[in-house]
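# Topology and contacts: notes
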Amino acid sequence: MSKSQFEVQVYYSGYCSFVVEADSENDAIILARENPVNKDELFTNLENWKEANIATEVHNARSK
């Protein structure tokens, strides 16, 4: 049986933590979203989101 080629999208969840001063939770969320992403923290908190992964068979693909 020959193997098929697939384009795969792997999804991850992750987060960065921010400390902000705000009048409400909604304001705090808005302020935190304006902060730059700390890539080092984000990478350490990545977790595979298996339920969201997608594999689509590639038709008429050229073999390498």
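Since we're looking at a predicted model, the values are computed, not measured. All residue numbers refer to position in the chain's written sequence, counted from 1. Reporting in this predicted model follows two pLDDT cut-offs: at least 70 for local features of residues, and 80 or more for side-chain atom pairs to be given and counted; totals over whole chains, interfaces and linings ignore these cut-offs and use all residues. Derived side-chain values reflect all non-hydrogen atoms in the structure, with water molecules and hydrogen atoms excluded from consideration.

## Some remarks on the confidence of the model for the chain
Should the pLDDT be low somewhere, the predicted coordinates at that spot are not to be read in detail. Let me state the cut-off plainly: Here pLDDT means the predictor's own confidence in every residue, given as a number from 0 to 100. Counting from the N terminus, the helices are DSSP H or I runs at least four residues long and the strands are E runs at least two residues long.
Scored by pLDDT, the chain comes out at a mean of 87, with 94% of its residues at no less than 70. Helix α1 (residues 25-34) holds the highest mean pLDDT among the elements of the chain, 93, whereas strand β2 (residues 12-13) holds the lowest, 82.

## Let's talk about a nonpolar patch on the surface
For the record, the criterion: Exposure above 30% relative accessible area and no salt bridge define the residues that can form patches, which grow by joining like charges within 9 Å and nonpolar side chains of Val, Leu, Ile, Met, Phe, Trp and Tyr within 5 Å. Accessibility throughout is a Shrake-Rupley quantity obtained with a 1.4 Å probe, and a residue counts as covered only by protein chains that appear here. When a carboxyl oxygen of Asp or Glu is within 4 Å of a side-chain nitrogen of Lys or Arg, the pair counts as a salt bridge. Each residue gets one of three labels from its accessible area relative to the maximum for its type: buried under 20%, exposed over 50%, partly exposed in between, using a 1.4 Å probe on protein chains only.
There is a patch of nonpolar side chains on the surface, built from F6, V8, V10, Y12, F43 and L46 and spanning about 600 Å² of accessible area. If you trace the backbone, F6 turns up in strand β1 (residues 5-9). Note on F6: relative accessible area 46%, which makes it partly exposed.

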